Amino acid sequence: MDGEQRIKWIGSGVIVAVGAVITTLLFVRMNPEGLPGEWLAYVMGMATTPFIMEATFLFLGFMLIVWINHVRRVKDGDEFVELDSFKDHGDRKKPGGR
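Criteria and cut-off values
- Each residue is numbered by its place in its chain's sequence as written, counting from 1.
- Only residues with pLDDT of at least 70 are given local features in this predicted model, and only at 80 or more are side-chain atom pairs given and counted; all residues enter the totals for whole chains, interfaces and linings.
- Excluded from the side-chain calculations are hydrogens and water; all other atoms, namely the structure's heavy atoms, are used.
- Secondary structure follows DSSP: runs of H or I at least 4 residues long count as helices, runs of E at least 2 residues long count as strands, and numbering of each begins at the N terminus.
- Here, Shrake-Rupley sampling with a 1.4 Å probe gives the accessible areas, and only protein chains in the shown set may cover a residue.
- Patch definition: residues with relative accessible area over 30% and no salt bridge; like charges joined within 9 Å; nonpolar side chains (Val, Leu, Ile, Met, Phe, Trp, Tyr) joined within 5 Å.
- Only one rule defines a salt bridge in this text: a Lys or Arg side-chain nitrogen within 4 Å of an Asp or Glu carboxyl oxygen.
- For every residue, the accessible area obtained with a 1.4 Å probe (protein chains only) is divided by the maximum for its type, and the residue is called buried under 20%, exposed over 50%, and partly exposed between those limits.
- An expected span of 1.5 Å times one less than the residue number is assigned to each helix.
- By definition, the arc is the one covered by directions from the helix axis to the C-beta atoms.
- Across the chain, each position has a pLDDT score giving the predictor's confidence in that residue, from 0 to 100.

K.L.:
Looking at this structure, I do not really get the overall build of the chain. What am I missing?
P.N.:
Across its full length, the chain holds 3 helices and 0 strands. Taken from N to C terminus, the helices and strands of the chain fall in the order α-α-α. Within the structure as shown, the chain displays about 9200 Å² of accessible surface, and the carbon and sulfur contribution to it stands at 67%.

Now the structure itself:
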């Protein structure tokens, strides 16, 4: 599977997962039973207010970007590069003219 196809599958999966979570929370909100139901109803009520909903999406988007960057950096490995070499190279002078 090439990179573009993989990105499409991941994006589709994220959209389906978010839709499933929101649908589940809405169903639980309609029939709150016990402490978990009332707590989820309270969370959904707060999460769907205009400012908090936008801040929540901003936070979730930022966390998604951080997670994707972390996975990419783990996959790429250590990219340590030594910029200056101070080994003795025969008649070459060391930096600083010494």
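Read on, since the account is not over.
K.L.:
In this structure, what is going on with a nonpolar patch on the surface? I would like to understand it.
P.N.:
A cluster of nonpolar side chains, contributed by Met53, Phe57, Phe59, Leu60, Phe62, Met63 and Val66, occupies part of the molecular surface with about 680 Å² of accessible area. Tracing the backbone shows Val66 in helix α3 (residues 50-76). When its relative accessible area of 38% is taken as the criterion, Val66 is described as partly exposed.

K.L.:
Quick question: what am I supposed to make of helix α2 (residues 34-47) here?
P.N.:
Each full turn of the α-helix corresponds to 3.6 residues, which orients residues three or four apart in the same direction. With 14 residues, α2 should reach 20 Å at 1.5 Å per residue; the first-to-last C-alpha distance of 20 Å fits that figure. All buried positions along α2 are accounted for by Gly37, Ala41 and Met44. Down the axis, α2 shows its buried residues gathered within 65 degrees of arc, on one side only. For α2, the exposed residues lying more than 90 degrees away from the buried face are Leu35, Pro36, Glu38, Trp39 and Tyr42.

K.L.:
Quick question: what am I supposed to make of the confidence of the model for the chain here?
P.N.:
Fine structural detail should not be taken from predicted coordinates in areas where pLDDT scores are low. Mean pLDDT over the chain works out to 77, with 77% of the residues at or above the 70 mark. The secondary-structure element of the chain with the lowest mean pLDDT is α2, recorded at 77, while α3 shows the highest, at 85.

K.L.:
How should α3 be read in this particular structure?
P.N.:
End to end, α3 covers 39 Å across 27 residues, agreeing with the expected 39 Å (1.5 Å per residue, within 8%). Following α3 by one or two positions, Gly77 has its phi on the positive side, about 90 degrees.

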